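Letter by letter, the chains look like this.
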Amino acid sequence: MIPLAFEYERADSAEAAIAALARHGDEAKLLAGGHSLLPLMKLRLAAPAVIVDIGRLSDLSYVRDEGAHLAIGALTRHHDLATSDLLAAEAPLLRHAAGQVGDPQVRHRGTIGGSVVHGDPASDLPAVLLAMRASVVVRGPGGERTIAADDLFTGFLETTVGPDELLTEIKVPKTAGAGWSFQKLARRSQDWAIVGVALQLGDQPGIGLVNMAPQPTRAVDAEAALSAGASPSEVGRSASAEGDPSADLNASVEYRRHLAGVLVGRAVAEAQGS
């Protein structure tokens, strides 16, 4: 379908984008890579009156070592994450998962900020941020604030980022040397995952689930079982009982639960090197 008519503004700075959001309120939407917003507009599930283009804000595209954590600009493309030497050394789970997003065209245009703030439960990177205990920085008229990934996703395509706020940065803990795994099953390589799992070992093991709830979610009971020394299969069985999956043309609720258990078990075994 063709999107409804809209006005177009191009922001030349983060401040200009925030000012545009303040002027237009709920009628405005930000456009970066466009791979989250434009499909919704074509389906007329979103009909913003104003599009604010932030795709040329090069100062929001970076991967930096900030000592205790890595800082990633919200407009960093998936391809840049997937080819980052710094991520390879300090956050390999995120680097690997970014290389599994969509196809090369999507990875060269899509941004991590757009993927995260969209809050799609079928998206890979939100689950990765949950597993890694990451946080995001947002900026608005009232200033800047940091939101933990656990507090970011509130419902289907809903986050705690306000309508007048701009997500500017993602903070990811360093995980060099810790085991990790990313598992997903899709009908085709370019499709959304039927179920996916991001697992990060460390002092606080994290397990993020893809397509197992109305919003990106963590398998907290499975994490507790993993911390207690449970076997991969036991952790998988715990994960299969978590979340709130829905049925669709690709899978029933029962199949999604079964698949989550299988993939979590595989992820634990791979991360532990067993």
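Going by the structure above, here's the rest.
Reading the values: rules and limits
- Here the residue index of a chain counts from 1 through its sequence in written order.
- Note on the predicted model: pLDDT of at least 70 is required for a residue's local features to be given, and 80 or more for side-chain atom pairs to be given and counted; whole-chain, interface and lining totals, by contrast, use all residues.
- Side-chain calculation: all heavy atoms of the structure are included, whereas hydrogens and water are not.
- Starting at the N terminus, helices and strands are each numbered in turn, a helix being any DSSP run of H or I of at least four residues and a strand any DSSP run of E of at least two.
- Only C-alpha atoms enter the radius of gyration, while the globule expectation follows 2.2 Å times N to the 0.38, with N the number of residues.
- Remark: exposure states derive from per-residue accessible area (1.4 Å probe, protein chains only) relative to the maximum for the residue type, with buried under 20%, exposed over 50%, and partly exposed in between.
- Note on contacts: a residue pair qualifies if any of its non-hydrogen atoms lie within 4.5 Å across the two residues.
- Under the convention used here, a 1.4 Å probe and the Shrake-Rupley method define accessible areas, while residue burial counts only the protein chains that appear.
- Positive charges come from Lys and Arg alone, negative charges from Asp and Glu alone, with His and the N- and C-terminal ends not counted.
- Charged side chains are reduced to one point each, which is NZ for Lys, CZ for Arg, CG for Asp and CD for Glu.
- When DSSP locates at least two bridges between a pair of strands, those strands are taken to pair.
- Angles shown run from 0 to 180 degrees and are taken between the N-to-C directions of axes, each axis being a line fitted to C-alpha atoms and, for helices, limited to the stretch in contact.
- Any Lys or Arg side-chain nitrogen found within 4 Å of a carboxyl oxygen on Asp or Glu counts as a salt bridge.
- Side-chain rings of Phe, Tyr and Trp, where Trp is taken by its six-membered ring, are said to pair if the distance between their centres is within 6.5 Å; with planes under 30 degrees apart they count as stacked, over 60 as edge-to-face, and otherwise as tilted.
- Any Lys NZ or Arg CZ found within 6 Å of a ring centre and within 35 degrees of that ring's normal is scored as a charge over the ring.
- Using a grid of 1 Å spacing that covers the protein atoms alone, one calls a set of points a cavity when a 1.4 Å probe fits there but cannot get out, and a pocket when the set is open and has protein on both sides within 12 Å along at least five of seven lines; lining residues are those with an atom within 4 Å of a point.
- Grid points are joined across faces, edges and corners, and a volume is the space filled by probe spheres set on the points.
- As a working rule, the residues Ala, Val, Leu, Ile, Met, Phe, Trp, Tyr, Cys and Pro are called nonpolar, Asp, Glu, Lys and Arg charged, and the rest polar, with Gly in that last group.
- Joining through side-chain atoms within 4.5 Å is the link that ties buried Ala, Val, Leu, Ile, Met, Phe, Trp, Tyr and Cys residues into a set, and such a set is a nonpolar core.

(A) Here's a closer look at the overall build of the protein chain. A tally of helices and strands in the protein chain yields eleven helices and 14 strands. Compactness check: the protein chain gives a C-alpha radius of gyration of 18 Å against a globular reference of 19 Å for 274 residues, within 12% of the reference. Once the C-alpha set of the protein chain is aligned to its principal axes, its extents read approximately 55 × 45 × 35 Å. Going through the 274 residues of the protein chain one by one, you find that 51% of them count as buried. When contacts within the protein chain are restricted to residue pairs at least 6 apart in sequence, those whose partners lie at least 24 apart make up 61%. Summing over all exposed atoms, the protein chain offers an accessible surface of approximately 12400 Å²; the carbon and sulfur share of this is 49%. Taking the average location of the 24 positive side-chain charges in the protein chain and that of its 33 negative ones, the two points are 5 Å from each other.

(B) Here's a closer look at the sheet that holds strand E4 (residues 63-65). Strand order in the open sheet formed by five strands is E4-E5-E10-E6-E7, with antiparallel pairing between adjacent strands. Whereas interior strands pair on both sides, the edge strands pair on one side only; in this sheet they are E4 and strand E7 (143-148). Direction aside, the axes of adjacent strands within the sheet are offset by 25° on average. Where strand E5 (residues 69-73) lies against strand E10 (residues 166-173), five bridges are found, and the strand directions are antiparallel. Of the residues in E10, the one forming a bridge with alanine 71 is lysine 171. The sheet contacts of helix H1 (residues 14-24) involve strand E6 (135-140) and E10, and relative to E6 the element is tilted by about 70°.

(C) Highlighting the pattern of salt bridges. Counted by the stated rule, this structure contains twelve salt bridges. Across the pair glutamate 223 and arginine 133 runs a salt bridge, and its minimum N-O distance is 3.4 Å. With glutamate 223 in helix H9 (residues 220-227) and arginine 133 in the loop between helix H8 (124-131) and E6, this pair connects stretches of sequence that are 90 residues apart. Take glutamate 223: its relative accessible area is 4%, and that puts it in the buried class. Judged by its relative accessible area of 28%, arginine 133 falls in the partly exposed class.

(D) Spatial organisation of the pairing of E6. Within E6, five of the six residues are buried, leaving the element largely enclosed by the surrounding structure. With six bridges joining them, E6 and E7 adopt antiparallel strand pairing. When the sheet's bridge partners are listed, arginine 139 is paired in E7 with glutamate 144. Counting the residues between successive antiparallel strands, the hairpin from E6 to E7 contains two residues. In terms of strand pairing, E6 meets E10 through five bridges, oriented antiparallel. Bridge pairing in E10 links arginine 139 to leucine 166.

(E) The packing of aromatic side chains, seen in detail. Within this structure, the stated rule accounts for zero aromatic pairs. Its guanidinium or amino end placed over the ring of tyrosine 62, arginine 64 lies 3.7 Å from that ring's centre, counting from NZ or CZ.

(F) Up close: the sheet that holds strand E2 (residues 28-31). Strand order in this open sheet of three strands is E1-E3-E2, and the pairing throughout is parallel. Edge positions in the open sheet fall to strand E1 (7-10) and E2, since each of these has one partner strand only. Between one strand axis and the next, the sheet turns by 25° as a mean value, whatever way the strands run. Sheet topology places E2 next to strand E3 (residues 50-53); four bridges connect them, and they run parallel. From the neighbouring strand, leucine 30 faces E3, where its bridge partner is valine 52. Across the sheet, H1 lies against E1, E2 and E3, angled at about 155° from E2, the strand it touches most.

(G) Broad picture of the layout of surface pockets. Considered as a void within the structure, the second largest pocket measures approximately 410 Å³ in volume. In terms of lining, the second largest pocket is formed by 19 residues, of which the most central are Asp120, Ala122, Trp192, Asn211 and Asp248. For the lining of the second largest pocket, the per-class residue count stands at ten nonpolar, three polar and six charged.

(H) Quick peek at the nonpolar core. The biggest cluster of nonpolar side chains holds 36 residues, and the ones touching the most others in it are Leu94 and Val172. Those elements giving two or more residues to this core turn out to be E5, helix H3 (78-82), helix H5 (92-98), helix H7 (112-118), H8, E6 and E10. Per-element accounting of this core gives the leading share, six residues, to H8. Once residues within four sequence positions are removed from consideration, valine 172 is found in contact with His69, Leu70, Ile72, Ala91, Leu94, Leu129, Met132 and Ala134.

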